[in-house]
Amino acid sequence: MIIKKLIKSLLPELILKNIRILKQYVKYNQYRKLSSSDIFSQIYKKRVWGISVDPLQPFFSGGGSRDDLIIAPYIKSIKNFMLQLKTKPSVVDLGCGDFFVGSQIREYCGEYIACDIVPELIEYNKEKFKSLNVEFKVLDLALDQLPRADIVIIRQVLQHLNNKQILQFIPKITKYKYAIVTEHLPRLHSFEHNIDKLAGPNTRLELRSGVILTSPPFNLIPYTEQKLCEVKENDSFITTTLYQISNNP
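Residues numbered from 1 in each chain as written. Predicted model: local features only at pLDDT ≥ 70, side-chain atom pairs only at ≥ 80, totals over all residues. Heavy atoms only, no water.

K.L.:
Before we go on, may I ask you to explain the overall build of the protein chain in this structure?
P.N.:
Scanning the protein chain from N- to C-terminus turns up seven helices and nine strands. Against the globule reference of 18 Å for 249 residues, the protein chain gives a C-alpha radius of gyration of 18 Å, in line with a compact fold. For the protein chain, the C-alpha atoms occupy an extent of roughly 60 × 45 × 35 Å along the three principal directions. Evaluated residue by residue, the protein chain yields a buried proportion of 51% over its 249 residues. Once local pairs closer than 6 in sequence are excluded, the contacts in the protein chain between residues at least 24 apart make up 63%. Only carbon and sulfur atoms are counted for the fraction: they give 55% of the accessible area of the protein chain, which is about 13300 Å². (Helix = DSSP H or I, 4+ residues; strand = E, 2+ residues; numbered from the N terminus. Rg over C-alpha atoms; globule rule 2.2 N^0.38 Å. Buried < 20%, exposed > 50% of the residue type's maximum accessible area, 1.4 Å probe, protein only. Contact = heavy atoms within 4.5 Å. Areas by Shrake-Rupley, 256 points an atom, 1.4 Å probe, with all protein chains shown as cover.)

K.L.:
Would you explain the pairing of strand E5 (residues 178-186) in this entry?
P.N.:
Here is the key point about a regular strand: its side chains alternate between the two faces of the sheet. Within E5, nine of the nine residues are buried, which leaves it mostly tucked inside the rest of the structure. The alternating pattern of E5 places Tyr178, Ile180, Thr182, His184 and Pro186 and Ala179, Val181, Glu183 and Leu185 on opposite faces, both of which are buried. Sheet topology places strand E4 (residues 151-155) next to E5; five bridges connect them, and they run parallel. In the strand pairing of E5, Ile151 is matched with Tyr178. Between the parallel elements E4 and E5, the chain passes through helix H7 (residues 163-169) in a crossover that is right-handed. Sheet topology places E5 next to strand E9 (residues 236-244); nine bridges connect them, and they run antiparallel. Note on E9: the bridge partner recorded for Pro186 is Ser236. (Pairing = 2+ DSSP bridges. Right-handed = clockwise from strand over helix to strand, strands pointing away.)

The quantities given are spatial measurements derived from coordinates; they are silent on function.
Here it is as structure tokens:
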């Protein structure tokens, strides 16, 4: 362990960065040739993100969607923002997952469209949450046309995609007045933004990076930007940012 730390201290950061990238590509190479739908279908089928304590719940979007220490501040911040608006906003939820979090903010929204790329998950959600008056749709946010709404919510989704997919998504965000984006970011004073990765279950934390939409190569230019909430998790932060995309009434 001491020798390993010594070697790391002597190697230039660029070499260490390339080693981290190579290790991640080897580790997640199984996803390289799969479609996005197949990638995330496999993640749920193989329970890569964990298993629900409910034996009747076949889909589980991970601890970040269940841990009350993480989701309670998020739900509170979304509620407070929604209640400031004159009317209940229409919402598009991209990458809605098992909808455990979405179901808890539904009451503060008007029309609600929840989208995910896994067909079996969407069919399950349609039945489980049919009393909530939510439209569930199978959708690839990178390739498909997105539904119109006042607000788009993307909670811990972009962190699992590669840069090409995020670049395909960015131009579509301009149709919304607000975008609420949650990303898992390193707990560092400074880190390199938006290092590319393979699409898959992992995030850029392994690369000491994270998705920042206002940085290259994405270069989103919002009208305003505001941090809604931030939760510390081990040596990282789960940060939710509100982007006002348009100043139109």
